[in-house]
Amino acid sequence: MAEIEMPGDEVQRLGELLGRVMDLIDTRPSGYDPEDVGPPLVRPGTNFDEQWKDGRVQVKRNSKDLKDACEAIVKAFADFDTKMGSSLKEDGGQGGGGDATPAGSGTRPS
């Protein structure tokens, strides 16, 4: 049977980091005044800030989708691993395709 390697710890960490991105995406430095950047940069700075508002919404939406997908992947592999472990116990350790690597583990020797 084919071996399945699932970098569960890394996928879980990615989901956590995406959650952090979502927490920080709406923050702004306190006391920011476009005039502080000087006359030549006031208009470009203000334009960037206004355009970034739309970008923040899109990045936040995409980050949430990716975070949810990471959580679903980790859960699916953990559920699969539990199911396969139960199957092996019920079968007395014979058959059942026990080559799956548990979520968060390295490659299991065949």
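Located above this text is the structure these notes cover.
Residues numbered from 1 in each chain as written. Predicted model: local features only at pLDDT ≥ 70, side-chain atom pairs only at ≥ 80, totals over all residues. Heavy atoms only, no water.

K.L.:
Summarise the side chain of Ser 63; cite the residues concerned and give the values.
P.N.:
Considering the arrangement of structural elements, one finds Ser 63 in helix α2 (residues 39-90). For Ser 63, the residues in contact, after removing those within four places along its chain, are Leu 18, Val 21 and Met 22. (Helix = DSSP H or I, 4+ residues; strand = E, 2+ residues; numbered from the N terminus. Contact = heavy atoms within 4.5 Å.)

K.L.:
Kindly report on the pattern of salt bridges, identifying the contributing residues and their values.
P.N.:
Applying the stated criterion to the full structure yields 4 salt bridges. Between Asp 68 and Lys 64 there is a salt bridge, with its nearest N and O atoms 2.8 Å apart. In this pair, Asp 68 and Lys 64 are both assigned in helix α2, 4 residues apart and thus about one turn of the helix distant. Asp 68 gets classed as partly exposed once you look at its relative accessible area, which sits at 33%. The partner of Glu 71 in a salt bridge is Lys 67, with the nearest N and O atoms 2.6 Å apart. Of this pair, Glu 71 and Lys 67 both sit in helix α2, 4 residues apart, roughly one helical turn. Glu 71 sits in the partly exposed class, given a relative accessible area of 43%. (Salt bridge = Lys/Arg side-chain N within 4 Å of Asp/Glu carboxyl O. Buried < 20%, exposed > 50% of the residue type's maximum accessible area, 1.4 Å probe, protein only.)

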